[in-house]
Amino acid sequence: MVKFYNSCFCLFGNPVHHSFSPEIHTIFSNQININYFYKTVLVSKENLKNSIKNFFVKKYNLGANVTVPFKKEIIKYLDNLTERAKISRSVNTIKKINNKFLLGDNTDGVGLLYDLNRLNFLRKKNNILIIGSGGAAYGIVPNLISKKNLVYIYNRTNSKSKKLVKYFKKFGNIFCLKRHELKKYYFNLVINATSSGIFNEIPDVPNSIISKNTYCYDLYFNKEKYTPFLKMCKKNGAINLKNGIGMLVSQAAYSCFFWHKKFPNIENTIITLNKKINL
Ligand code: ATR
């Protein structure tokens, strides 16, 4: 049977072949009863501008997600940003307004926060280490900064983490650490916001920062229960280990709401997706 769609959405990124977003949005489409199609579009840095133009010129192409490594790069091709995208200086969601303007949003931070609360990974006061300083880190920092949290940033390229911390300093307690300084601190939550997992790599951090009591979260996930980063944390004794599947579904749910003004069921979608990939 041929299926007709009312609108089309896509994911721009590189790589995108590993993405579960099409599956997630197919589930959402059924849940919210809006017949939209979702596909991945592989783009290079050189053709990002044209890819966006070619996609949005079509009347029924109404929105998109953006992933590695374009979350910051994309901004210059958009007409306006929501407040939270402005603050995070990175965009993972685009909506076409009045068939004309492109509005950028960022749902990564709210998505992560939703998932950390769902998993009970947050305490009243948190010492949080975020590893990485790319678009993903910029997206999540605003939602983790609060009066009660201390947020530490470590990135293998120190100049980038310094830049990130300098920018977010006005919003709260955020500090930049060099590799040798990591050993001196205690973190109750460690978040891998690097893209290392995509390349089957692990960020180089001292083993001593992970212990039995550390909550370990990887924004990345693959078809295995544990990502390379989480395997390393497990080896160091951590027992609370979660990959980014819950955040992926949650940020997608907030994107869905941004586009359609209907909020899908996150919990059911995570269960369906986990079954699908046998986790
Ligand atoms: P994203 O939008 O997903 O954040 P990005 O902007 O390309 O993608 O940023 C990728 C981040 O992952 C960077 O912080 C990068 O570190 P550098 O700034 O030093 O390049 C980090 N990263 C990627 N591969 C890594 C690896 N193998 N080990 C440690 N950090 C890594």
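Residues numbered from 1 in each chain as written. Predicted model: local features only at pLDDT ≥ 70, side-chain atom pairs only at ≥ 80, totals over all residues. Heavy atoms only, no water.

### A closer look at the overall build of the protein chain
Inference 1: Along its length, the protein chain carries nine helices and 12 strands.
Inference 2: Its C-alpha atoms give the protein chain a radius of gyration of 18 Å, near enough to 19 Å, the size a compact globule of 279 residues would have.
Inference 3: For the C-alpha atoms alone, the extent of the protein chain along its principal axes is close to 60 × 40 × 35 Å.
Inference 4: Here the protein chain holds 279 residues, and the buried ones make up 53% of them. (Helix = DSSP H or I, 4+ residues; strand = E, 2+ residues; numbered from the N terminus. Rg over C-alpha atoms; globule rule 2.2 N^0.38 Å. Buried < 20%, exposed > 50% of the residue type's maximum accessible area, 1.4 Å probe, protein only.)

### A word on the environment of C10
Inference 1: You can see C10 is positioned in strand β1 (residues 7-13).
Inference 2: You can call C10 buried: its relative accessible area is 0%.
Inference 3: The residues touching C10, leaving out its near neighbours within four places in the chain, are Y38, K39, V41, F55, G63, A64 and N65. (Contact = heavy atoms within 4.5 Å.)

### What about the nonpolar core?
Inference 1: Grouped together as the largest cluster of nonpolar side chains are 27 residues, with contacts concentrated most on I130, I191 and Y217.
Inference 2: Put simply, the parts of the chain that give this core at least two residues each are α4 (108-118), β7 (126-131), α5 (135-144), β8 (149-154), α6 (158-168), β10 (189-192) and β11 (215-218).
Inference 3: Contact partners of I130, with chain neighbours within four places excluded, come to A137, I140, V141, L144, V151, Y152, I153, Y154, I191 and A193.
Inference 4: Formed by 23 residues, the second largest nonpolar core is a distinct cluster that contains L11, L103, L248 and L273. (Core = buried A, V, L, I, M, F, W, Y, C linked by side-chain atoms within 4.5 Å.)

### Quick word on the site of the ligand
Inference 1: If you check the shell around the ligand, you find 16 residues, and the closest are N155, R156, T157, K160 and E201.
Inference 2: Here S195 contributes a backbone N or O atom positioned 3.1 Å from an oxygen atom of the ligand.
Inference 3: The protein chains hide 85% of the 650 Å² of surface that the ligand would expose on its own.
Inference 4: Here the shell around the ligand is built from residues that sort into four nonpolar, nine polar and three charged. (Near = heavy atom within 4 Å. Polar contact = N/O pair within 3.5 Å; in protein donor to acceptor, adjacent residues only side chain to side chain. Areas by Shrake-Rupley, 256 points an atom, 1.4 Å probe, with all protein chains shown as cover. Nonpolar A, V, L, I, M, F, W, Y, C, P; charged D, E, K, R; others polar.)

### Looking at helix α9 (residues 266-276)
Quick reminder: α-helices carry 3.6 residues per turn. Residues three or four places apart thus point the same way.
Inference 1: Listed as buried for α9 are I266, T269, I270 and L273. Across the axial projection of α9, the buried residues extend over an arc of 100°, all falling on one side.
Inference 2: Where α9 is buried, its residues contact α1 (21-32), α4 and α8 (245-260).
Inference 3: Among the residues of α9, the N-terminal cap falls to N265, whose side-chain oxygen and the backbone nitrogen of E267 are separated by 3.2 Å. (Arc of directions from axis to C-beta.)

### Considerations on the domain arrangement of the protein chain
The figure often quoted for interface size is the accessible area lost as the parts come together.
Inference 1: Split into domains, the protein chain comes out as domain 1 (7-106 + 251-276) and domain 2 (109-243).
Inference 2: Here the C-alpha centroids of domain 1 and domain 2 sit 24 Å apart.
Inference 3: Between domain 1 and domain 2, the residue contacts involve 17 residues of the former and 18 residues of the latter.
Inference 4: When the buried area of domain 1 at its contact with domain 2 is split by residue, F20, I87 and Y254 rank highest and sum to 29% of it.
Inference 5: Taken together, the connections running from domain 1 to domain 2 amount to one salt bridge.
Inference 6: Between E267 and R118 there is a salt bridge, and its shortest N-O distance comes to 3.4 Å.
Inference 7: Applying the counting criterion to the domain 1 and domain 2 interface returns three residue pairs in polar contact (both at pLDDT 80 or more). (Domains from an automatic or database assignment. Buried area = accessible area lost by both parts, 1.4 Å probe. Salt bridge = Lys/Arg side-chain N within 4 Å of Asp/Glu carboxyl O.)

### Overview of a positive patch on the surface
Inference 1: Side chains of K72, R89, K163 and K170 sit close together on the surface and give a patch of like positive charge.
Inference 2: Looking at the secondary structure, you find K72 in the loop between β3 (61-66) and β4 (80-81).
Inference 3: Judged by its relative accessible area of 32%, K72 is partly exposed. (Patch = residues over 30% accessible without salt bridge, like charges linked within 9 Å, V, L, I, M, F, W, Y side chains within 5 Å. Lys, Arg positive; Asp, Glu negative; His and termini not counted. Charge placed at Lys NZ, Arg CZ, Asp CG, Glu CD.)

### Concerning the packing of α4 against α8
Inference 1: Between α4 and α8, whose axes approach to 8 Å, the crossing angle comes to 130°. In terms of orientation, α4 lies oblique with respect to α8. Where α4 crosses over α8, the handedness of that crossing is right-handed. Packed against α4, whose contacting residues are D108, V110, G111, L112, Y114, D115 and R118, the element α8 presents G246, M247, S250, Q251 and Y254 at the interface. (Axes fitted to C-alpha atoms, helices over the stretch in contact; angles between N-to-C directions. Parallel < 35°, antiparallel > 145°, perpendicular 65-115°, else oblique. Left-handed = near helix turned anticlockwise from the far one by under 90°.)

### Section: the packing of aromatic side chains
Inference 1: Evaluation of the coordinates by the stated rule reveals 20 aromatic pairs.
Inference 2: Note on F121 and Y215: the rings are 4.7 Å apart at their centroids and 65° apart in plane angle, and the pair reads as edge-to-face. Taken as a pair, F121 in the loop between α4 and β7 and Y215 in strand β11 lie far apart in primary sequence, 94 residues in all.
Inference 3: What makes F121 buried here is its relative accessible area of 4%. (Phe/Tyr/Trp six-rings, centres within 6.5 Å; stacked < 30°, edge-to-face > 60°.)

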